[in-house]
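# Overview (structure and organization)
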Amino acid sequence: MKCPFCGHTEDRVVDSRVGREGEFIRRRRECLKCHRRYTTYEYIEDVLPHVVKRDGRREPFDRQKLRGSILKACEKRSVGVPAVDDVVADIEARLHERAEKEISSLELGDLVMEHLQRLDQVAYVRFASVYRQFKDIAQFMDEVKSLLKEDKPKASSPLSRPRPLVKAPK
Ligand SMILES: [Zn+2]
């Protein structure tokens, strides 16, 4: 480390401390030349893709923010916190698997909606209304209508339909 006071590159670590949740290591260093002290933080390199927002700004994936927005959509619904945490964990796992370094906020929203659609329809509509930023009530109603149409049994979605316990005779 280059000393911020004199620019010398040799130092000794006088104290190391792990962050409360182990998310970083804080080191107190002393410059070997001027003997002044400074602090460095060591983090794991960003392994999750950055989220590209609508306006083009990029921000690091924020697990708490995602969790908060899902919890809000599920407010007063019968979706428990563990189910929400499962959704967040699943999305995080999918982000880890991606090769791309970026994900658009729209794509991230789609991932959430995929889960919410299976979990709770009301939460799904709530989330969609925030994330798709409906301009007016008409646009919102269109979305709800298409949602209701989609709700009819779908051949491609085995998860949403209970399987018959007994096979029908041929
Ligand atoms: Zn120094």
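Refer to the preceding data block for the structure.
Worth saying up front: this structure is predicted, and the values here are computed from it rather than measured.

### What to know about the side chain of D120
- Examined against the element boundaries, D120 turns out to sit in the loop between α3 (105-119) and α4 (121-131).
- Within the structure, D120 has its side chain in polar contact with the backbone nitrogen of A123 (distance 2.8 Å).
- Every residue in contact with D120, bar those within four places of it in the chain, is listed here: R77, S78 and V79.

### Re the pattern of salt bridges
- Across all of its chains, the model carries 16 salt bridges by this definition.
- D90 is the salt-bridge partner of R94, the closest N and O atoms lying 3.8 Å from each other. Placement of the pair is R94 and D90 together in helix α2 (residues 81-97), with a separation of four residues, close to one helical turn.
- Judged by its relative accessible area of 30%, R94 is partly exposed.
- Note that E107 and R98 form a salt bridge whose closest N and O atoms lie 2.9 Å from each other.
- It is possible to trace a salt-bridge network through shared partners that takes in R12, E30 and R37.

### Details of the sheet that holds strand β4 (residues 50-52)
- Ordered in space as β5-β4-β6, the three strands form an open sheet in which the pairing is mixed. Both outer strands of the open sheet, β5 (58-60) and β6 (102-104), are each paired with one neighbouring strand and no more. Across the sheet, the axes of successive neighbouring strands diverge by a mean angle of 35°, strand direction being ignored.
- As paired elements, β4 and β6 share three bridges and run parallel to each other. From the neighbouring strand, V51 faces β6, where its bridge partner is I103.
- Sitting on the sheet, α3 is in contact with β4 and β6, with an inclination near 75° to β6.

### A short note on the pairing of strand β3 (residues 37-43)
- Across seven bridges, strand β2 (residues 24-31) lies against β3 in antiparallel orientation. Bridge pairing in β3 places R29 opposite Y38.
- As consecutive antiparallel partners, β2 and β3 are separated by five residues, and within that stretch H35 has a phi angle of approximately 65°, a positive value.

### Quick word on the coordination of the zinc ion
- Around the zinc ion, the protein contributes the donor atoms C3 (SG), C6 (SG), C31 (SG) and C34 (SG), at 2.2 to 2.4 Å from the metal centre.
- Between the four donor atoms coordinating the zinc ion, the angles at the centre fall across 105 to 118°, so the site counts as tetrahedral.
- Each donor residue of the zinc ion lies on the same chain, and together they follow the pattern C-x2-C-x24-C-x2-C. Placement of C6 in the segment before β1 (11-18) and of C31 in strand β2 is noted, with a sequence separation of 25 residues between them.

### Description of the environment of H50
- Residue placement: H50 occurs in strand β4.
- In this structure H50 comes out as buried when scored by relative accessible area, which is 17%.
- Taking C-alpha positions, H50 is 9.1 Å from D62, a pair spaced twelve residues apart along the chain.

### Examining the pairing of β1
- By the bridge criterion, seven bridges tie β1 to β2 in an arrangement that is antiparallel. Bridge pairing links R17 to R26 in β2.

### Considerations on the packing of helix α1 (residues 63-73) against α4
- Running from amino to carboxyl end, α1 crosses α4 at an angle of 125°, the nearest separation of the two axes being 8 Å. It follows from the interaxial angle that α1 and α4 lie oblique. Of the residues in α4, those touching α1 at S69, K72 and A73 are A123, R126 and F127.
- Across the contact of α1 with α4, the residue classes tally to three nonpolar, one polar and two charged.

Conventions used here
Residues numbered from 1 in each chain as written. Predicted model: local features only at pLDDT ≥ 70, side-chain atom pairs only at ≥ 80, totals over all residues. Heavy atoms only, no water. Helix = DSSP H or I, 4+ residues; strand = E, 2+ residues; numbered from the N terminus. Polar contact = N/O pair within 3.5 Å; in protein donor to acceptor, adjacent residues only side chain to side chain. Contact = heavy atoms within 4.5 Å. Salt bridge = Lys/Arg side-chain N within 4 Å of Asp/Glu carboxyl O. Buried < 20%, exposed > 50% of the residue type's maximum accessible area, 1.4 Å probe, protein only. Pairing = 2+ DSSP bridges. Axes fitted to C-alpha atoms, helices over the stretch in contact; angles between N-to-C directions. Donors = N, O, S within 2.8 Å, 3.2 Å for Na, K, Ca; no water. Tetrahedral: all angles 85-135°; square planar, octahedral: opposite > 155°, others 65-115°. Parallel < 35°, antiparallel > 145°, perpendicular 65-115°, else oblique. Nonpolar A, V, L, I, M, F, W, Y, C, P; charged D, E, K, R; others polar.

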